[in-house]
Amino acid sequence: MIQITVCPSCDSTEIRTVRQDWTGKFQGRLYTVPSLEFYECPDCGERIYDREAMRRIEAHSPAFAIRHVEKKAHVKAHA
Ligand SMILES: [Zn+2]
């Protein structure tokens, strides 16, 4: 986990890590990443995700799920 002590948006030192279910949106579709750890600034609402958090978001994102489906369909069409 990267260490952040000052919010890059508002310079608040109140920024801290939180672990909670994270809800994102992709093409109007909501998806949830359970127990995601990320930084959140209580003063301005800025959220910062480290590499691990980004990877978990990507793993749960429908954008990647769609890509997997397309890949499978492509392979099938040429089999
Ligand atoms: Zn802030």
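Everything below is about the structure printed above this text.
Because the structure is predicted, anything quoted here is derived from the model rather than measured. (Residues numbered from 1 in each chain as written. Predicted model: local features only at pLDDT ≥ 70, side-chain atom pairs only at ≥ 80, totals over all residues.)

Caption draft 1: Examining the overall build of the chain more closely. Counting its secondary structure elements, the chain contains two helices and three strands. Reading the secondary structure of the chain in the N-to-C direction produces β-β-β-α-α. Considering the chain as a whole, with its 79 residues, one finds that 9% of them fall into the buried category. Long-range pairs, those at least 24 residues apart, make up 48% of the contacts in the chain between residues at least 6 apart in sequence. (Helix = DSSP H or I, 4+ residues; strand = E, 2+ residues; numbered from the N terminus. Buried ≥ 20, exposed ≤ 12 C-beta atoms within 10 Å, placed from the backbone. Contact = placed C-beta atoms within 7 Å.)

Caption draft 2: Layout of the sheet that holds strand β3 (residues 47-48). Strands sit in the order β1-β2-β3 across an open sheet of three strands; the sheet is antiparallel. The strands lining the two open edges of the sheet, one partner per strand, are β1 (16-26) and β3. Relative to the sheet, helix α1 (residues 51-60) contacts β1 and β2 (29-40), its axis offset from that of β2 by approximately 170°. (Pairing = 2+ DSSP bridges. Axes fitted to C-alpha atoms, helices over the stretch in contact; angles between N-to-C directions.)

Caption draft 3: Structural view of the pairing of β2. Judged from the ten bridges that link them, β1 and β2 form a sheet pairing that is antiparallel. By the bridge assignment for β2, Q20 is matched with L36. Counted between consecutive antiparallel strands, the loop separating β1 from β2 contains two residues, among which Q27 sits at a positive phi close to 50°. Strand direction decides the pairing type here: β2 and β3, joined by two bridges, are antiparallel.

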